[in-house]
Amino acid sequence: MADLSSSAGGAVPAGTDKTPWRERLAPWAFRAPLIFMVAFFAIPMAMTVVFSVFERTMFWMEPGFTLFSYENFFFSARLTNFLNSMKYSLISVAICFVFGFPIAVFVRKSIPEVAQHRVVLLFILPFMVSEIIRVFALRPVLQRNGLVNTTLMDLGIIDEPITALLYTHTGVVIGEVLSFLPFIVFSGFLAMEAVPKYIFEVCDDLGVGPWRRFVDVILPLAAPGIFAGSVFIFVNGLGVALLPNILGGAGAVNAGLIATQAITALDFPLAMAVSAIMMATLTTLLWIGHKLFDLTKILTPLS
Amino acid sequence: MTNGTQPMTDQTAPAVEVRNLSKHYGDFVALKNVNVTIAAGEYFVLLGPSGGGKTTLLRTIGGFHKPTKGEILLHGKSVGHLPPDKRPTTMVFQAYALFPHMTVTQNVGYGLKVAGLPKDQIVEKVDYALEQVGLSQFTHRKPHELSGGQQQRVQLARAIVLDRDILLLDEPLAALDAQLRKDMCLELKHLQEKVGITFIHVTHNQEEAMTVADRIALIANGDLVEFGKARDIYRAPEKSFTASFVGENNMLKGRVAEANGSSVTVDVAGSKLTVDKRGLNVTDGQEVNLSIRSECVALDRVNGTNAPADGLSILGTYDESVYLGLTTSHMARLPDGTEMVSRVISDTDDTLPEANAPVRLSWKPGDIRLHVE
């Protein structure tokens with residue numbers, strides 16, 4: 001390569017200066033993503049851990065080493081709240097899967113190939129509305145005299161309004177499902193790519209019933225994609241402060257909101273510690289998932 | 001020939017009987033009033049161009065499509081309402097039809113497992129099926145560790161292990177390269193002879209069809225054009241579509257000049273050609289097609305005096321020749337612009353006629369055929 005370009009440069013006298021320049025610059029184009037990831041991802045993550053052991057001051061923090069923030073987290077209601085938010089995020093993931101994955105399978109199986117991607121695009125439409133507005137709009141639907149309660153009462157199904165729908169874990173879960181359902185549809189749709197074209201017809205031919213078909217064929221093939229979608233929802237359920245902020249209440253918080261509240265209280269080391277714990281939890285989860293399903297498969301097309 | 005272990009089936013009835021079958025997709029007509037009977041133990045090929053309806057017919061027989069009109073009888077019993085797994089048929093697909101996460105053994109045994117057979121019986125049957133297709137060495141491989149040909153063998157094993165007596169093959173060799181396709185063709189033929197069940201094989205490849213088939217049916221534009229033994233389809237096509245699709249036929253358009261007795265005189269590009277009437281209805285002035293296989297046409301230089309008047313030759317001008325190894329094709333142009341090909345097995349270095357030199361194309365009486373449709 002080098003020989004070729006230098007001789008070519010020699011043949012064009014005017015260009016002799018410019019060619020080596022470009023040549024030297026070119027490799028950096030490939031390094032750019034790495035630099036980006038280090039600068040905006042790895043370093044901030046490392047700094048989060050470092051700051052979490054700093055000493056708290058009145059308005060900021062100062063270098064030092066103390067585990068006070070971690071103590072503060074693990075020996076208070078925060079730990080219970082954190083574990084609860086993990087539990088409810090898992091519930092959200094499960095509900096999203098139950099509703100979203102069949103949609104993905106349906107789109108792959110029953111909609112003509114040319115229209116499939118357009119149908120999936122429909123699920124992006126909700127994202128065109130600001131998330132705050134979308135979530136906030138749930139309040140008049142779920143509240144005591146909201147749409148759901150009045151409808152159910154008018155139909156005579158309930159006598160008294162259900163108050164558990166808002167400012168509770170239930171409210172947060174409803175918000176999470178409505179916000180994140182499209183992600184399981186997307187990942188499920190991509191995961192179904194791993195299912196060979198004629199497999200469903202083969203199943204018809206062999207007399208494989210719907211349940212077996214799901215457990216023996218679809219699930220094992222789509223597992224990496226489903227896991228990726230589930231992790232995405234779980235992470236957001238744990239980390240997006242907005243949802244419990246608007247729909248949650250006493251105790252119905254998540255890790256993101258705990259950190260936000262710590263920042264509001266100007267306890268930066270605590271906020272950093274919460275973030276670091278969340279990061280560690282999720283990294284462990286991803287590692288387990290990778291060991292189980294080999295997540296690289298998601299991006300490998302079927303040969 | 002037939003599978004004697006199937007007590008449910010009527011041995012005297014044909015394996016497949018398709019009656020007045022039509023299939024519409026909205027306004028699109030995929031099959032029009034198809035009638036065909038396939039004997040038990042026969043290797044039957046559905047041959048035709050892509051989009052002609054042959055796969056639709058196969059899938060309707062297999063129960064993957066519901067017919068719009070007409071009915072299908074398998075071993076004398078109507079199966080219009082039965083799903084694929086309740087029919088005595090099983091399907092082998094083009095490709096992309098193996099369970100990627102299962103080994104060869106698991107793939108082949110899955111149907112039996114679903115059917116609830118005991119484990120030891122499954123093992124026994126799977127071993128036997130894999131032996132039949134020559135895959136005993138590869139039982140623990142996953143599909144992605146196999147070649148295209150081996151993957152198709154796994155599909156074959158998965159189908160024959162079910163002990164159903166009609167095997168449907170939908171372009172089973174289309175995804176393979178040319179050499180492998182040839183080898184697999186013969187293997188398919190031998191497998192069918194070995195297991196003795198009915199094979200119905202869809203392909204657009206003529207050579208593949210002729211290698212494996214006991215009988216071939218030509219399907220185009222939703223019509224079953226013609227069926228018969230490979231030799232008959234090739235040597236004596238009834239319809240002009242068959243002549244144009246199978247082999248390398250010269251198709252000549254002409255007008256009937258005189259129809260008397262058993263032969264017809266047809267005016268083609270100014271020459272009067274004689275052709276056997278074959279009992280067809282023709283009237284004077286009717287437009288007809290003639291077909292002659294290119295290997296039956298002899299090409300000679302014209303030296304001024306031997307103008308043809310025998311009704312079995314036509315004059316044209318020499319165009320060019322194409323050397324194809326085994327054969328050489330000589331192209332000539334008739335006065336009306338039609339191109340005719342004379343194909344000869346010869347490897348001589350004789351000088352060829354010059355371009356635009358007058359040439360005479362001739363054939364033997366039985367080689368030219370009349371088509372009226």
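Residues numbered from 1 in each chain as written. Chains lettered and ligands numbered in written order. Predicted model: local features only at pLDDT ≥ 70, side-chain atom pairs only at ≥ 80, totals over all residues. Heavy atoms only, no water.

Looking at an unreviewed UniProt entry, chain B carries the name Spermidine/putrescine transport system ATP-binding protein, with the source organism given as Roseivivax lentus.

Per an unreviewed UniProt entry, chain A goes by the name Spermidine/putrescine transport system permease protein and belongs to Roseivivax lentus. UniProt's Subcellular location (unreviewed entry) comment on chain A is quoted here verbatim: "Cell membrane". Taken directly from UniProt, the Sequence similarities (unreviewed entry) text for chain A runs: "Belongs to the binding-protein-dependent transport system permease family. CysTW subfamily." (UniProt positions renumbered as here; feature names shortened; annotations may be inferred.)

Attention now moves to the overall build of chain B. Assigned secondary structure in chain B consists of eight helices and 20 strands. Summarising its shape, the C-alpha atoms of chain B cover approximately 85 × 45 × 40 Å along the three principal directions. When each of the 373 residues of chain B is scored for burial, the buried share is 51%. In chain B, 67% of the contacts between residues at least 6 apart in sequence involve partners at least 24 apart. Split by element, the accessible area of chain B, about 17,200 Å² in all, is 50% carbon and sulfur. (Helix = DSSP H or I, 4+ residues; strand = E, 2+ residues; numbered from the N terminus. Buried < 20%, exposed > 50% of the residue type's maximum accessible area, 1.4 Å probe, protein only. Contact = heavy atoms within 4.5 Å. Areas by Shrake-Rupley, 256 points an atom, 1.4 Å probe, with all protein chains shown as cover.)

Okay, the UniProt feature "domain: ABC transporter" (unreviewed entry) in chain B next. The UniProt record marks residues 16–246 of chain B with the feature "domain: ABC transporter" (unreviewed entry), using the residue numbering of this structure. Annotation note: span residues 16–246 of chain B, helix share 36%, strand share 26%, distance between end C-alpha atoms 25 Å.

What follows concerns the pattern of salt bridges. Residue and element names in this part refer to chain B. In total, this model carries 25 salt bridges over all chains according to the counting rule given. With a closest N to O distance of 3.1 Å, Glu187 and Arg153 form a salt bridge. Linking Glu187 in helix α5 (residues 178–195) with Arg153 in helix α4 (residues 148–160), this pair joins segments that are 34 residues apart in sequence. For Glu187, a relative accessible area of 35% corresponds to the partly exposed category. Look at Arg153 and you get buried, because its relative accessible area is 17%. Of the charged contacts, one joins Arg343 and Glu248 as a salt bridge, the two residues approaching to 3.6 Å between their closest N and O atoms. Of this pair, Arg343 sits in strand β18 (residues 339–344) while Glu248 sits in the loop between α8 (240–245) and β11 (249–260), and the two are 95 residues apart along the sequence. Since its relative accessible area comes to 31%, Glu248 is described here as partly exposed. Residues joined by salt bridges that share partners form a network here, namely Glu248, Arg293, Glu295 and Arg343. (Salt bridge = Lys/Arg side-chain N within 4 Å of Asp/Glu carboxyl O.)

Turning our eyes to something else, we now look at the interface of chain B and chain A. Opposite the 24 residues of chain B that make contact, chain A presents 19 residues. On the chain B side of the contact with chain A, Tyr96, His101 and Tyr110 of chain B bury the most area, a combined 28% of that side's loss. Joining chain B to chain A, the criterion identifies two salt bridges. A salt bridge links Asp205 of chain A to Arg164 of chain B; the nearest nitrogen and oxygen atoms lie 3.3 Å apart. Put simply, the parts of the chain that give the side of chain B that touches chain A at least two residues each are β6 (89–92) and α2 (104–114) of chain B. At four residues, α2 of chain B tops the list of elements feeding residues into the side of chain B that touches chain A. A per-class count over the side of chain B that touches chain A returns 14 nonpolar, five polar and five charged. (Buried area = accessible area lost by both parts, 1.4 Å probe. Nonpolar A, V, L, I, M, F, W, Y, C, P; charged D, E, K, R; others polar.)

Each assigned domain of chain B is listed here: domain 1 (16–236) and domain 2 (248–371). Centre-to-centre, using C-alpha coordinates, domain 1 of chain B lies 40 Å away from domain 2 of chain B. (Domains from an automatic or database assignment.)

On to the environment of Val288 of chain B, then. Looking at the secondary structure, you find Val288 of chain B in strand β14 (residues 287–293). When the C-alpha positions of Val288 of chain B and Val126 of chain B are compared, they lie 56 Å apart, and in sequence the two are 162 residues distant.

The next thing to look at is the packing of aromatic side chains. Residues and elements named next belong to chain A. Counted under the stated rule, the structure contains 18 aromatic pairs over all chains. Ring geometry for Phe183 against Phe186: centres 6.3 Å apart, planes inclined by 85°, an arrangement best described as edge-to-face. Of this pair, Phe183 and Phe186 both sit in helix α9 (residues 169–191), three residues apart, which is roughly one turn of that helix. Members of the aromatic cluster, each reached through a chain of ring pairs, are Phe127, Phe180, Phe183, Phe186 and Phe232. (Phe/Tyr/Trp six-rings, centres within 6.5 Å; stacked < 30°, edge-to-face > 60°.)

What follows covers the confidence of the model for chain A. For chain A, the average pLDDT comes to 86, and 92% of its residues sit at 70 or higher. Counting interchain partners and residues more than four positions distant, the pLDDT-below-50 stretch residues 1–12 of chain A has six contacts. (pLDDT = per-residue confidence, 0-100.)

Below, the discussion takes up the confidence of the model for chain B. Residue and element names in this part refer to chain B. In this model, chain B carries an average pLDDT of 89, and 95% of its residues clear a pLDDT of 70 or more. Mean pLDDT across the elements of chain B bottoms out in strand β15 (residues 298–301) (86) and peaks in strand β8 (residues 198–203) (96). Low pLDDT, under 50, characterises residues 1–9; the stretch is placed with 13 contacts to residues that sit more than four places away or in other chains.

Bringing the environment of Asn250 of chain B into the picture now. Residues and elements named next belong to chain B. Position of Asn250 among the secondary structure elements: in strand β11. According to the relative accessible area criterion, Asn250 is buried, its value standing at 3%. Along the chain, Asn250 and Leu280 lie 30 residues apart, while their C-alpha atoms are 20 Å from each other. If we ignore the near neighbours within four places in the chain, the residues touching Asn250 are Leu290, Ser291, Ile292, Arg293, Ser294, Val297, Glu339, Met340 and Val341. At 2.7 Å, the side chain of Asn250 and the backbone nitrogen of Val341 are in polar contact. (Polar contact = N/O pair within 3.5 Å; in protein donor to acceptor, adjacent residues only side chain to side chain.)

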